[in-house]
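Here's the letter readout for the chains.
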Amino acid sequence: MLLKTASTLFKSVTTAGAFLAAGLSAALALTPDQQKTLSEVNSYFNSVKTMHGDFIQFGPTGEQTEGKFYLARPGKVRFYYNPPAKLDIIADGKSVSVKDRKLATQDIWPLNQTPLRFLLAENIDLQKDAEVTNVVAEPDLITIVVSDETTFNSGTLTLIFDAKDYALKQWTVTDAQGYDTSVAIYNVTSNGPTNPKLFQIDYLANTRQNRN
């Protein structure tokens, strides 16, 4: 169950990254005001080089999982589940790992072969690199809906930002079957110091794992 939860979070995170790199055909149909909003959100993305805080994930059947996340662009992120879960998702700039410390297992993928490479890119451009189907600006929140078919997901992604400072608050992935997985982030600190050790993958663990 824990590994399934980790895979769901990994899928939602990587799908978010994939949607940021999907294409631009739908974005061309947006109004000037919507394009302006995208530009402002884009500026926010590129002003944030590091970020850390808490997250809570809501699964499609109502399950909840909490933890902490740390991000350092380009290329690095970590999602650490609070106890009793013993799971980590780490990107170290070249690879992505999902590690279950309870089961002593770890799966690794090349970062440049996963959609996370877009979310963690040094420069993100929503206007050029995303298939945006709708932008809704309200007094408190900005909602951006993106559509794409990827290896990790076929469906839609809804990104929710604070209308005042454009900070990312939540994303929801809706798959082809209509199931939602939402991740909300809070207590976020942007552009603060980071510890490089947070993003270290234990590659030797895979060697030991394959020997057993």
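Everything quoted here is computed from the prediction, not taken from an experiment. (Residues numbered from 1 in each chain as written. Predicted model: local features only at pLDDT ≥ 70, side-chain atom pairs only at ≥ 80, totals over all residues. Heavy atoms only, no water.)

Asker: Can you tell me about the pattern of salt bridges, naming the residues and giving the values?
Answerer: Tallied over the entire structure, the rule returns four salt bridges. As a salt-bridge pair, R101 and D88 come within 2.4 Å of each other at their nearest N and O atoms. With R101 in the loop between β5 (95–100) and β6 (105–110) and D88 in strand β4 (residues 87–92), the pair connects residues that are 13 residues apart, well separated along the chain. Judged by its relative accessible area of 3%, D88 falls in the buried class. (Salt bridge = Lys/Arg side-chain N within 4 Å of Asp/Glu carboxyl O. Helix = DSSP H or I, 4+ residues; strand = E, 2+ residues; numbered from the N terminus. Buried < 20%, exposed > 50% of the residue type's maximum accessible area, 1.4 Å probe, protein only.)

Asker: I'd like to hear about the pairing of strand β11 (residues 180–190), residue by residue, with values.
Answerer: Strand direction decides the pairing type here: strand β1 (residues 50–58) and β11, joined by seven bridges, are antiparallel. Bridge pairing in β11 places D54 opposite Y186. Examined bridge by bridge, strand β10 (residues 168–174) and β11 share five bridges and lie antiparallel to one another. The partner of Q170 across the bridge, within β11, is A184. (Pairing = 2+ DSSP bridges.)

Asker: Describe in detail unusual backbone geometry, supporting the description with residues and values.
Answerer: Phi is mostly negative for residues that are not glycine, and the peptide bonds are mostly trans. The amide bond that connects R73 to the next residue, P74, takes the cis arrangement and shows omega of 5°. Of note, the amide linkage connecting P83 to P84 takes the cis form, showing an omega dihedral of 15°. Here P84 is to be found in the loop between β3 (76–81) and β4. Although it is not a glycine, A104 sits at a positive phi angle of roughly 60°. Secondary-structure assignment places A104 in the loop between β5 and β6. Unusually for a residue other than glycine, N191 sits at a positive phi of about 60°. Residue position: N191 is located in the loop between β11 and α5 (203–211).

Asker: So what's going on with the confidence of the model for the protein chain? Residues and values would help.
Answerer: Per-residue confidence for the protein chain gives a mean pLDDT of 80; residues scoring 70 or more make up 77%. When mean pLDDT is taken per element in the protein chain, β1 scores highest with 94 and helix α1 (residues 2–19) scores lowest with 51. Scored below 50 in pLDDT, residues 1–6 makes twelve contacts in the model with residues more than four places away or belonging to other chains. The model gives residues 18–28 a pLDDT under 50, and that stretch makes 43 contacts with residues more than four places away or in other chains. (pLDDT = per-residue confidence, 0-100. Contact = heavy atoms within 4.5 Å.)

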